[in-house]
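Observations on the three-dimensional arrangement
Chain residues, written in single-letter form:
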Amino acid sequence: MHPKEFKQEKAATGRLTHLALPNSMIQMGIGFDDDEDVQGIIRAPENFTVLSTPAKAHAISRRAN
C-alpha cells in the first residue's frame, strides 16, 4: 500500500481489499525490490502473491502445483 493511502485508513482501497481477502497482508511502501521480508513472501512456494492496482491485478509469483 502506498504511504499516502495508508494514512487514509478507513477509505483506503488497500485496506478494503485486505479485509475482503482471507490470509492477505498489507505491506506499506513505494518500492520493495530491496525489502528482504517482502521478497521472501513473493518467493515462498506456498504463497500466491498478487499485485493489485486500480486497473487490474497481476500475479507476481506462481502457485505451487
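Remember, predicted model here, so these are calculated numbers, not experimental data. (Residues numbered from 1 in each chain as written. Predicted model: local features only at pLDDT ≥ 70, side-chain atom pairs only at ≥ 80, totals over all residues. Heavy atoms only, no water.)

**Focus: the overall build of the chain**
A count of helices and strands for the chain gives three helices and two strands. For the chain, the sequential pattern of α-helices and β-strands runs α-α-α-β-β. Contacts spanning at least 24 positions in sequence make up 19% of the contacts within the chain whose residues lie at least 6 apart. When the accessible surface of the chain is split by element, carbon and sulfur atoms take 54% of a total near 5700 Å². (Helix = DSSP H or I, 4+ residues; strand = E, 2+ residues; numbered from the N terminus. Contact = heavy atoms within 4.5 Å. Areas by Shrake-Rupley, 256 points an atom, 1.4 Å probe, with all protein chains shown as cover.)

**Overview of the side chain of Gln39**
Following the sequence through the fold, Gln39 ends up in helix 3 (residues 36-43). Setting aside residues up to four positions removed in sequence, Gln39 forms contacts with Phe32 and Asp33.

**Topic: unusual backbone geometry**
One non-glycine residue with positive phi stands out, namely Asn23, at about 65 degrees. Mapped onto the elements, Asn23 comes out in the loop between helix 2 (13-20) and helix 3. Look at Asn23 and you get exposed, because its relative accessible area is 82%. (Buried < 20%, exposed > 50% of the residue type's maximum accessible area, 1.4 Å probe, protein only.)

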